[in-house]
Amino acid sequence: MNQLGFPILSIMLAVPLVAALWCLFAPGEGEAKARSARVTALAASLIDLVLGGVLWANYEVGGARWQFIERADVFGRFSWALGIDGIALMLIVLTVFLVPLCILASWTSIQKRVPEYMAVFLLTELLMLGVFVAQDLFLFYIMFEGGLIPMYMIIGIWGGARRIYASYKFFLYTLLGSVLMLIAMLYMAQTAGTTFIPTLMAFNFSSQAQLWLFLAFFASFAVKMPMWPVHTWLPDAHVEAPTAGSVILAGVMLKLAGYGFIRFSLPMFPEASAHYMWLIFALSMIATVYTSLVALVQKDMKKLIAYSSVAHMALVTFGLFAFNRQGIEGAMMVMLGHGLVSSALFLCVGVVYDRLHTREIARYGGLATNMPAYATFFLFFTMASVGLPGLSNFPGEFLSMMGTYEISSWAAFIAVTGIITGAAYMLYLYRRICFGPQTNADAAAMSDLDKREWLVLAPLAAAVLWMGVYPESFLSPMRADVGALLERIHPAAPASDAALTVPHAAPAAAVAGER
Amino acid sequence: MSYIDSFALSLPEIILSFGAIVLMLAAAWMGDKASKAISWVSVLLLAGAGLALLGPAGSGGLGYDGLYVADPFAAFAKLLIYVGAAVAILVAPGFFNRDGEMRAEYPVLILLSAVGMGTMVSAVDLLTLYVGLELQSLAAYVLASFLRRDDRSAEAGLKYFVLGALASGILLYGISLLYGFSGTTSFVGVAAAMKASMGSGLLFGLVFVLAGLAFKISAVPFHMWTPDVYEGAPTPVTAFFASAPKVAAMALTVRVAIEAMGPATGEWRQIIIFCALASTILGAVGAIGQTNIKRLLAYSSINNVGFALFGLVAGTAYGASAVMTYMTVYIVMTLGSLICVLQMRTADGTPTEQIAALSGLSRTRPALAAAFAIFMFSLAGIPPLFGFWPKFMVFDALVRVDMWPLAMIGIATSVIGAFYYLKIVKTIYFDEPAGVLAPSRSMIEGVLIALAALFVSPLGYLMIGPLGRITQTAANALF
């Protein structure tokens, strides 16, 4: 079976499912049922967190490419095939780490229909984990697509004033992207004669077919990522979703697209990836400049962070399509770092939103005076988002830009401007909220973090610091998989405009031959 | 082949016909107070007919001198038809009893209609086809206007009758053209004539026959009757119309297209592509503005028929099996959602059909709301619900014959459809409670809804294997 002797991945999926059913159908009424649902959800997510830890601890770095494999042919046409590599492992760890924090963050802020909320949240966790562990094309699709339903519910039921508009927009945008991917998957399963992802990753589709297949997958992932110009659902969804919904959306759901690029687009269509590299770079460049400027003028805290997410995701796409180790590892690190930092920032917004029930930046000011602990955490995460060395986003952003520079100095030039404007809008946001005179009496009267909020923010801060100081813990499980990916895409890699050569790496004969 | 053998092949129809006649006499002698007993006997008869399919009636081959066939395809279609008919009988008393309109003829009419449908799916001759179709339709016209004192019901019956007669005329004209230019009414003979030479006479015949059949499956552009009839007919009858006759007409269309017009695949494919695309688009767009849930479900059925037709477009055995899979899952979803509609009653028991009445249902009746949401997401084809699987199958069938551009367009239209299904979910879950709907006491409805919801829940995926084998066997019988 696997190195543990029990089907750990299936259990990780079953725990939230069972807990969700228990939340819905447990006996009890009213407040008692709500409390039991909260406790059940927290317990289930903590069990998954522990299992995630077990997974990480038992993952053999440098071992088999696919570990913890399970397979059961129960669906006739496709199978319940699970298995992870290092890339999936890191994203799973991110997911199981964030979900308990989300549930803690919703402890008091969600008051209506608590059992349903907890159940839907756990189902979201199940489906997201399912995406990362699926080894079957159609199982992946079902999990990927299925995530729409609970997220639609979270935004629509527990969201803000314009929640209905936002939920529709989220659902239909992502659905339109995904259905085209389904047709491409049908074609691939037909052509390759298998739905097993590891086999497909080594299958050579014809160059012509790759161009179409890439676009179909791109339609789905570009919306999910989101890339300019199909990013417009994200600010709406973030603004209207409850705090924990935003966290899970920014922290994990956006990563599904990056994961999709790594798992499907690059290894399955390497030639098309090279062919469309400039399309990706162009969109990423526009996104970097445009969304950063848009973020600069936002009056709504959540919207500002949402736009900053789009800008950060552009760094991911830069790195992924740089076709070199720095780029791809950097992209993964940006995803992990952004997963932590944007979650933390949304949680910080949630803390003050719970007190004042507004997200308008101008309603706050001078919080450093009456909420020193909060201001400290907020500053810490702001600095991480800006890319301060020693905090989580720096290694990823640095590697990603280095990879981009290696293949295109112009793209790297534009990408770097994103860091500068990123610093501008984040620091400007922080100044307006935490510094300056206390003009609003009600904001000045807010109490500092309570124990629960400490419990939510402190682990995040620790993780952010860990990732910044010792990124090797996160890079080492992925190294072999990135290597395998590079081997696969290397023959198709586009030429670099900088024509960099590393004298001692290339054999002398080859260098001589080039001259 | 002796007549005894032929009778054995059509045993289900014989059981149902005799049963219907006896029950009709019973109804005449005992009156409406016997309607409950008659309903249960009818359900038993349908179960008996279903069991009879295990014998020679399931795969016995041709009978009645080549007018009738008992093959796995027909058997599978009949199974679905009997399920739909039985459900329509079971849920009727709860609806009609309220104003004393439950009459003993109701189950009998359904049985007669089931005989007609069984004949339709077993037809291998244009005349058998026509007789079956008319038997089914005549019973259906009466059923549509079953609430005699209700204006809308009467209007629905009349409208259905007039338009249905027109469609029958078109169909009959097509049949006469096919007969005139091929000299035979048997499917095999027509196919042979088409293979020999595809003249314009046969082509016109093909177009008219398909137009007549398109009316019966309510594919665009012959769909106009559907919303009116679905809205006007009593809800149990609507549930019946949306399930069993749809399966019968769809199975018949598949058989005619493949067995009788197989050599002319290139010709009918264009027609079916048009019908399929127009149905998915119009079915989706038309539903958006509806305020009546039954009208909305009527458009949803048009939309779903369009998707099922995509499987036929492929023109392969796999495509035909995709159509049958589609119809299987579709009737469960549509019966489930229409029984949910049956549960929409105000405190004094008056049925309501306004979508607005569903507002906030999740607060007042969480179980019904969850079932409704499951059916809606499933009809929209969103995984992990089982409604995703039939859509997967039909598009897979298209991709397998390299028609992926059509598959791309087709699946993109499903996004338009998702919009109005989402609207129902939004009304149920996001809106403030309207407090119009009262709790229901009907056990049968509750059980049926629960069964249907379980079938389309992710548990349904476990049935992919067996269901795939059955539908593939059924489809292989056509080739």
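Values in this document were obtained by computation on a predicted structure and should not be read as measured data.

Engineer: Just to check I follow, could you spell out the overall build of chain A for this structure?
Structural biologist: Of the regular secondary structure elements, chain A holds 23 helices and 2 strands. Against the compact-globule benchmark of 24 Å for 515 residues, chain A has a radius of gyration of 22 Å, which places it among compact chains. Dimensions of chain A, computed from C-alpha atoms along their principal axes, come out at roughly 75 × 50 × 40 Å. Within chain A, buried positions represent 64% of all 515 residues. Of the roughly 17300 Å² of accessible surface on chain A, a fraction of 68% belongs to carbon and sulfur atoms. Between the centroid of the 28 positive side chains of chain A and the centroid of its 29 negative side chains there is a distance of 7 Å.

Engineer: For this particular structure, what's the right way to read the overall build of chain B?
Structural biologist: If you tally the helices and strands in chain B, you get 21 helices and 2 strands. Viewed in the frame of its principal axes, chain B has a C-alpha envelope of about 65 × 60 × 40 Å. Within chain B, the proportion of its 479 residues that are buried is 65%. In chain B, once contacts between residues fewer than 6 apart in sequence are set aside, the share between residues at least 24 apart is 81%. Total accessible area on chain B stands at roughly 15800 Å², and carbon and sulfur atoms take up 70% of it. Taken together, the 25 basic and 24 acidic charged side chains of chain B have centroids lying 6 Å from each other.

Engineer: Sorry, what's going on with the pairing of strand E2 (residues 80-84) of chain A here?
Structural biologist: A regular strand places its side chains on the two faces of the sheet in alternate fashion. Residues and elements named next belong to chain A. Within E2, 4 of the 5 residues are buried, which leaves the element mostly enclosed by the surrounding structure. Sheet topology note: the strand E1 (residues 67-72)/E2 ladder contains 4 bridges and is antiparallel. Looking at the pairing, Glu70 lines up with Leu82 of E2.

Engineer: Sorry if this is basic, but what is going on with the interface of chain B and chain A here?
Structural biologist: A common way to state how big an interface is: give the accessible area lost once the parts meet. Contact with chain B, which involves 36 residues of that partner, is made by 33 residues of chain A. For the pair chain B and chain A, the two sides together bury roughly 3300 Å², of which 80% comes from carbon and sulfur. At the junction of chain B and chain A, the tally comes to 1 salt bridge. Where Asp396 of chain B meets Arg77 of chain A, a salt bridge forms, and the shortest distance between an N and an O atom there is 2.7 Å. Summed over the shared surface of chain B and chain A, the result is 7 residue pairs in polar contact (both at pLDDT 80 or more). Elements represented by at least two residues in the side of chain B that touches chain A include exactly helix H16 (361-364), helix H18 (388-400), helix H19 (404-429) and helix H21 (464-476) of chain B. With 14 residues, the top contributor of residues to the side of chain B that touches chain A is H19 of chain B.

Engineer: How should unusual backbone geometry be read in this particular structure?
Structural biologist: Backbone geometry follows two general trends: most residues other than glycine have a negative phi, and most peptide bonds adopt the trans configuration. The omega torsion across Met225 of chain A and Pro226 of chain A is -10°, close enough to zero to call that bond cis. Position of Pro226 of chain A relative to the elements: it lies in the loop between helix H9 (207-224) and helix H10 (233-240). Here Val220 of chain B and Pro221 of chain B are connected by a cis peptide whose omega angle stands at 10°. In this structure, Pro221 of chain B sits in the loop between helix H10 (200-216) and helix H11 (225-232). We note that Phe323 of chain A has phi near 60°; this positive angle belongs to a residue other than glycine. Relative to the elements of secondary structure, Phe323 of chain A occurs in the loop between helix H14 (301-320) and helix H15 (325-356).

Engineer: Would you explain a nonpolar patch on the surface in this entry?
Structural biologist: Residue and element names in this part refer to chain B. A grouping of Trp40, Met443, Ile444, Val447 and Leu451 is seen on the molecular surface, where their side chains present a nonpolar patch of about 520 Å² in accessible area. Per-element accounting of the nonpolar patch gives the leading share, 4 residues, to helix H20 (residues 443-456). By the secondary structure assignment, Val447 is in helix H20.

Engineer: Even after reading the chapter, I still don't get the state of the cysteines, so can you show me in this structure?
Structural biologist: Every disulfide links exactly two cysteines, by a covalent bond between their sulfur atoms. All names here are of chain A. Within the structure shown, the criterion is met by 0 disulfides over all chains. No disulfide involves Cys23; its sulfur sits 15 Å from that of Cys102, the nearest cysteine. The exposure class of Cys23 is buried, given its relative accessible area of 2%. As a non-bridged cysteine, Cys348 has Cys434 as the owner of its nearest cysteine sulfur, 8.7 Å distant.

Engineer: Where do I start with the environment of Leu213 of chain A in this structure?
Structural biologist: Residue and element names in this part refer to chain A. Structurally, Leu213 can be placed in helix H9. Accessibility expressed as a relative area gives 4% for Leu213, which makes it buried. Residues Leu213 and Leu180 lie 33 residues apart in sequence; the distance between their C-alpha atoms is 9.3 Å. If sequence neighbours within four positions are ignored, Leu213 has contacts with Ala184, Tyr187, Met188, Phe205 and Phe269.

Engineer: Before we go on, may I ask you to explain H18 of chain B in this structure?
Structural biologist: Within an α-helix, residues lying three or four positions from one another point in the same direction, as the helix has 3.6 residues per turn. All names here are of chain B. The terminal C-alpha atoms of H18 lie 18 Å apart, and with 13 residues this matches the ideal 18 Å at 1.5 Å per residue to within 8%. Most of H18 sits out of view: 12 of its 13 residues are buried. Along H18, the residues classified as buried are Phe388, Trp389, Pro390, Lys391, Phe392, Met393, Val394, Phe395, Asp396, Ala397, Leu398 and Val399.

Engineer: Can you help me understand the packing of H15 of chain A against helix H17 (residues 372-386) of chain A in this one?
Structural biologist: Angle between the axes and distance between the axes are the two parameters that describe a pair of packed helices. Residues and elements named next belong to chain A. Remark: H15 packs on H17, axes separated minimally by 9 Å, with the N-to-C direction vectors making an angle of 150°. Judged on the interaxial angle alone, H17 and H15 are roughly antiparallel. Crossing hand, H15 versus H17: left-handed. The residues of H17 that touch H15, namely those facing Val341, Ala344, Leu345, Cys348, Val349, Val351 and Val352, are Tyr374, Phe378, Phe381, Thr382, Ala384 and Ser385. Across the contact of H15 with H17, the residue classes tally to 11 nonpolar, 2 polar and no charged.

Engineer: Whenever I open this one, helix H14 (residues 293-314) of chain B confuses me. Can you help?
Structural biologist: Residues and elements named next belong to chain B. For H14, spanning 22 residues, the distance from its first C-alpha to its last is 33 Å, which sits close to the expected 32 Å at 1.5 Å a residue. Buried residues dominate H14, accounting for 22 of its 22 residues. Gly315 sits one or two residues past H14 and shows a positive phi near 70°.

Engineer: I'm lost on the pattern of salt bridges in this one. Help?
Structural biologist: Side chains bearing opposite charge may pair, as long as their charged atoms lie close to each other. Here the structure, examined in full by the defined rule, presents 27 salt bridges over all chains. A cluster of three or more residues bridged by salt bridges with shared partners is formed by Arg152, Glu155, Lys159, Asp228, Glu231, Lys294, Arg295 and Glu353 of chain B.

Engineer: Would you mind showing me how to read the packing of aromatic side chains here?
Structural biologist: Using the criterion set out here, one finds 70 aromatic pairs over all chains in the structure. Between Phe78 of chain A and Phe138 of chain A the ring centres are 6.3 Å apart and the planes differ by 70°, which places this aromatic pair in the edge-to-face class. One end of the pair, Phe78 of chain A, is in the loop between E1 and E2; the other, Phe138 of chain A, is in helix H5 (residues 137-146), with 60 residues separating them in the sequence. Each member of the pair, Phe78 of chain A as well as Phe138 of chain A, is classed as buried. Cation over ring: Lys224 of chain A sits above Phe144 of chain A, and NZ or CZ is 4.7 Å from the ring centre. The ring of Tyr318 of chain B carries Arg400 of chain B above its face, with NZ or CZ at 4.0 Å from the centroid.

Engineer: Would you mind showing me how to read the packing of H10 of chain A against H14 of chain A here?
Structural biologist: Residue and element names in this part refer to chain A. Axis separation between H10 and H14 bottoms out at 9 Å; the angle between their running directions is 140°. Taken together, the axis directions place H10 and H14 in an arrangement best described as oblique. The chirality of how H10 crosses H14 is right-handed. Within the contact between the two elements, H10 uses Leu234, Pro235, His238 and Val239 and H14 uses Lys302, Lys303, Ala306, Tyr307, Ser309 and Val310. For the contact of H10 with H14, a count of residues per class yields 6 nonpolar, 2 polar and 2 charged.

Engineer: Could you clarify how one ought to interpret the side chain of Gln135 of chain A in this entry?
Structural biologist: Residues and elements named next belong to chain A. With respect to the helices and strands, the residue Gln135 is situated in the loop between helix H4 (114-133) and H5. The exposure class of Gln135 is buried, given its relative accessible area of 1%. Residues in contact with Gln135, not counting those within four places in the same chain, are Trp66, Ile69, Ala81, Leu82, Gly83, Thr195, Phe196, Ile197 and Pro198.

Engineer: Explanation requested: the environment of Asn204 of chain A in the structure shown.
Structural biologist: Residue and element names in this part refer to chain A. Tracing the backbone shows Asn204 in the loop between helix H8 (197-201) and H9. By relative accessible area, Asn204 is classed as exposed at 57%. Distance in space between the C-alpha atoms of Asn204 and Phe269 is 7.9 Å, their sequence separation being 65 residues. Within the local environment of Asn204, its side chain forms a polar contact with the side chain of Arg488, the two groups lying 3.0 Å apart.

Criteria and cut-off values
Residues numbered from 1 in each chain as written. Chains lettered and ligands numbered in written order. Predicted model: local features only at pLDDT ≥ 70, side-chain atom pairs only at ≥ 80, totals over all residues. Heavy atoms only, no water. Helix = DSSP H or I, 4+ residues; strand = E, 2+ residues; numbered from the N terminus. Rg over C-alpha atoms; globule rule 2.2 N^0.38 Å. Buried < 20%, exposed > 50% of the residue type's maximum accessible area, 1.4 Å probe, protein only. Areas by Shrake-Rupley, 256 points an atom, 1.4 Å probe, with all protein chains shown as cover. Lys, Arg positive; Asp, Glu negative; His and termini not counted. Charge placed at Lys NZ, Arg CZ, Asp CG, Glu CD. Contact = heavy atoms within 4.5 Å. Pairing = 2+ DSSP bridges. Buried area = accessible area lost by both parts, 1.4 Å probe. Salt bridge = Lys/Arg side-chain N within 4 Å of Asp/Glu carboxyl O. Polar contact = N/O pair within 3.5 Å; in protein donor to acceptor, adjacent residues only side chain to side chain. Patch = residues over 30% accessible without salt bridge, like charges linked within 9 Å, V, L, I, M, F, W, Y side chains within 5 Å. Disulfide = S-S within 2.5 Å. Expected span 1.5 Å × (residues − 1). Axes fitted to C-alpha atoms, helices over the stretch in contact; angles between N-to-C directions. Parallel < 35°, antiparallel > 145°, perpendicular 65-115°, else oblique. Left-handed = near helix turned anticlockwise from the far one by under 90°. Nonpolar A, V, L, I, M, F, W, Y, C, P; charged D, E, K, R; others polar. Phe/Tyr/Trp six-rings, centres within 6.5 Å; stacked < 30°, edge-to-face > 60°. Lys NZ or Arg CZ within 6 Å of the ring centre and 35° of its normal.

In short, the description is geometric, and any link to function would need to be established separately.
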